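# Summary of structural features
The lines below spell out each chain.
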Amino acid sequence: MYVAVKGGEKAIANAHALLAKRGRGDAETERIGYEQLRDQMGVLIARVMAEGSLYDPDLAAKALLQSQGDVLEAVTLMRSYRTTLPRFGVTPAVDTAGLPSERRVSATFKDIPGGQQLGATFDYTHRLLADELTTPEVPVSDAGDAPPAAAGGSAMPRVTDLLGVDALIEPDRPEDWSDPDPADLTREPTVYPMTRAERLQALGRGDEGFLLALGYSTQRGFGNNHPFVGEVRVGEVEVEFDAPELGITIPIGRIEVTECQMVNQFVGSADRAPQFTRGYGLVFGRAERKAMSMSLVDRALRADEFSERRVSPAQDEEFVISHADNVQATGFVEHLKLPHYVDFQGELVLIRQLHREFQERVAATQAARATEKEDRYA
């Protein structure tokens, strides 16, 4: 017999109190401030902001503290808060062409205009667990690794633009391209097929782990594709607000972003010269892995543009977009914890009936065989 556990509001209140106690830890230990998370956990903060679709490092840090480090719970808090904010207007598209980079690397050319800029990265660390975290001092003589664009104003053109001079890579936009306002996925229902701008919106707020797995799949077993990182840039860009009543755009602040331009396999035809193709990723904060994964999936989803057969999961637009959102995925998986007593009772009654019918068929078969055996020896 199945009996629902009763407790109501009192049980829920006790659960909340216990959760808060577990999150506080030892009362003798100093409580973590959100400023510490914001300043020392920048990569984690960037992920919460990107998947929460809200650029606010302070709120992201507070959400992580409230969720006790559960990234998906923090993302859900950010999304929920975002829905309460008024909308004053729109901003023009952010111009990343002259992005003054803190970090800028290319895997396609060793020497690029503006130079390679290593910046802050884990790429060259030894991956050995340290007994104690320290902050090494950078000698002044070695600190001249400052971004050329920021320091001297010298140009840092995109690597893909260098290939574009000789038409060795597809243009970043078609010749007949216009700039229509893309649909807002947070306010309008998703309709397939989507435009590339809409897909990039969805991928930009998609789950990093899911996109990483899909991007990996395009290289191993489900795509046989080995792209090249044309360029990865990390830096701050200026955001402007379009004020119709003034007739001008007003700078309102700067945000840190990571941009990835991926150079993919070339395509061509009888009437079109072979060209490399592109994949693109742009994410809040320092999130190179997410930006690279996003660019891999973006290219995979462009299969129809290049008349390619869609044979892998990463090429299926509806599969990718419908399952990339971690808030929806979390909600659907975790809803299984909610009471399903009636549903389960219905399943239980059905399986008992089927089990009984099966036993009756087995018994009838055994009886028929026994009768047949007796008749044979009679």
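All of these numbers come straight from a predicted model, not from anything done at the bench.

Okay, the overall build of the chain next. When you go through the chain residue by residue, the secondary structure sums to 13 helices and four strands. For the chain, whose C-alpha radius of gyration is 28 Å, the value lies well above the compact-globule estimate of 21 Å for 378 residues. Taken over 378 residues, the chain has a buried fraction of 30%. Summarising the internal contacts of the chain: among those between residues at least 6 apart in sequence, 64% fall at separations of at least 24. Accessible surface, the chain: about 25,200 Å² in total, of which carbon and sulfur atoms supply 56%.

Once that is clear, we can look at the packing of helix α4 (residues 57–66) against helix α5 (residues 71–82). It is at 8 Å that the axes of α4 and α5 come closest, and there the two elements cross at 130°. Taken together, the axes of α4 and α5 lie oblique to each other. Viewed along their axes, α4 and α5 form a crossing whose handedness is right-handed. Here Leu59, Ala60, Ala63, Leu64 and Gln66 of α4 lie close against α5, whose contacting residues are Val71, Ala74, Leu77, Met78 and Tyr81. Taken together, the residues of the contact of α4 with α5 sort by class into nine nonpolar, one polar and no charged.

Note on aromatic pairs: each is described by the distance of the centres and the angle between the planes. Enumeration over the complete set of coordinates arrives at two aromatic pairs. Seen from their ring centres, Phe210 and Phe319 are 6.3 Å apart, and the 50° between their planes marks the pair as tilted. You can see Phe210 sitting in helix α9 (residues 208–217) and its partner Phe319 sitting in helix α11 (residues 317–324), a full 109 residues away along the chain. Accessibility expressed as a relative area gives 33% for Phe319, which makes it partly exposed. It is Lys62 that lies over the ring of Tyr34; its NZ or CZ is 4.7 Å from the centre.

So, about helix α10 (residues 288–300). If you check α10, its first and last C-alpha atoms are 18 Å apart, about what 13 residues at 1.5 Å a residue would give, namely 18 Å. In terms of residue burial, α10 counts as a mostly covered element, since eleven of its 13 residues are buried.

Attention shifts here to the pairing of strand β4 (residues 272–284). Judged from the eleven bridges that link them, strand β3 (residues 248–269) and β4 form a sheet pairing that is antiparallel. Within the sheet, the bridge partner assigned to Thr258 lies in β4 and is Val283.

What follows covers the side chain of Arg278. Looking at the secondary structure, you find Arg278 in strand β4. Buried charge Arg278 goes without a salt bridge, the closest partner of opposite sign being Asp161 at 4.7 Å. Polar contacts involving the side chain of Arg278 include one to the side chain of Thr160, which spans 3.4 Å. Discounting chain neighbours no more than four positions away, the residues touching Arg278 are Thr160, Ile169, Glu170, Pro171, Asp172, Arg196, Gln261, Met262, Asn264, Asp298, Arg299 and Arg302.

Take the environment of Pro313 next. Inspection of the secondary structure puts Pro313 in the loop between α10 and α11. By relative accessible area, Pro313 is classed as partly exposed at 32%. The spatial distance from the C-alpha of Pro313 to the C-alpha of Ala213 is 11 Å, given a sequence separation of 100 residues. Setting aside residues up to four positions removed in sequence, Pro313 forms contacts with Leu214, Phe222, Phe319 and Val320.

Let us now look at the sheet that holds β4. Pairing is antiparallel in the open sheet, where four strands are placed in the order β1-β2-β3-β4. Whereas interior strands pair on both sides, the edge strands pair on one side only; in this sheet they are β1 (101–105) and β4. Pairwise comparison of adjacent strand axes, ignoring direction, gives a mean angle of 35° for this sheet. Sheet analysis places strand β2 (residues 228–243) next to β3, joined by 15 bridges and oriented antiparallel. Bridged to Val232 within β3 is Cys260. With respect to the sheet, α10 is in contact with β1, β2, β3 and β4, its orientation differing from that of β4 by roughly 140°.

Another aspect to go through is the pattern of salt bridges. For the coordinates displayed, the defined rule picks out 22 salt bridges. Notably, a salt bridge pairs Arg103 with Glu288, separated by 2.4 Å at the nearest N-O pair. Separated by 185 residues along the polypeptide, Arg103 in strand β1 and Glu288 in helix α10 bring together distant segments of the chain. Accessibility classification places Arg103 together with Glu288 in one group, the buried group. Of the charged contacts, one joins Arg233 and Glu231 as a salt bridge, the two residues approaching to 2.5 Å between their closest N and O atoms.

The subject of this paragraph is the environment of Arg278. Judged by its relative accessible area of 8%, Arg278 is buried. Expressed as a C-alpha distance, the spacing of Arg278 and Arg199, which sit 79 residues apart in the sequence, is 15 Å. A polar atom in the side chain of Arg278 sits 2.7 Å from the backbone oxygen of Glu170.

The next subject is the confidence of the model for the chain. When the pLDDT values of the chain are averaged, the result is 85; 92% of them are 70 or greater. Taken together, the stretch residues 141–153 has pLDDT below 50 and engages in 17 contacts with residues farther than four places along the chain or on a different chain.

What follows covers α9. Regarding α9, the residues found buried are Glu208, Leu211, Leu214, Gly215 and Ser217. Turning to α9, the residues buried within the fold contact α3 (42–52), α8 (196–204), α10 and α11. Measuring from the backbone nitrogen of Gly209 back to the side-chain oxygen at the start of α9 gives 3.1 Å, which picks out Asp207 as the cap.

The rules we used
- Residues numbered from 1 in each chain as written.
- Predicted model: local features only at pLDDT ≥ 70, side-chain atom pairs only at ≥ 80, totals over all residues.
- Heavy atoms only, no water.
- Helix = DSSP H or I, 4+ residues; strand = E, 2+ residues; numbered from the N terminus.
- Rg over C-alpha atoms; globule rule 2.2 N^0.38 Å.
- Buried < 20%, exposed > 50% of the residue type's maximum accessible area, 1.4 Å probe, protein only.
- Contact = heavy atoms within 4.5 Å.
- Areas by Shrake-Rupley, 256 points an atom, 1.4 Å probe, with all protein chains shown as cover.
- Axes fitted to C-alpha atoms, helices over the stretch in contact; angles between N-to-C directions.
- Parallel < 35°, antiparallel > 145°, perpendicular 65-115°, else oblique.
- Left-handed = near helix turned anticlockwise from the far one by under 90°.
- Nonpolar A, V, L, I, M, F, W, Y, C, P; charged D, E, K, R; others polar.
- Phe/Tyr/Trp six-rings, centres within 6.5 Å; stacked < 30°, edge-to-face > 60°.
- Lys NZ or Arg CZ within 6 Å of the ring centre and 35° of its normal.
- Expected span 1.5 Å × (residues − 1).
- Pairing = 2+ DSSP bridges.
- Lys, Arg positive; Asp, Glu negative; His and termini not counted.
- Salt bridge = Lys/Arg side-chain N within 4 Å of Asp/Glu carboxyl O.
- Polar contact = N/O pair within 3.5 Å; in protein donor to acceptor, adjacent residues only side chain to side chain.
- pLDDT = per-residue confidence, 0-100.

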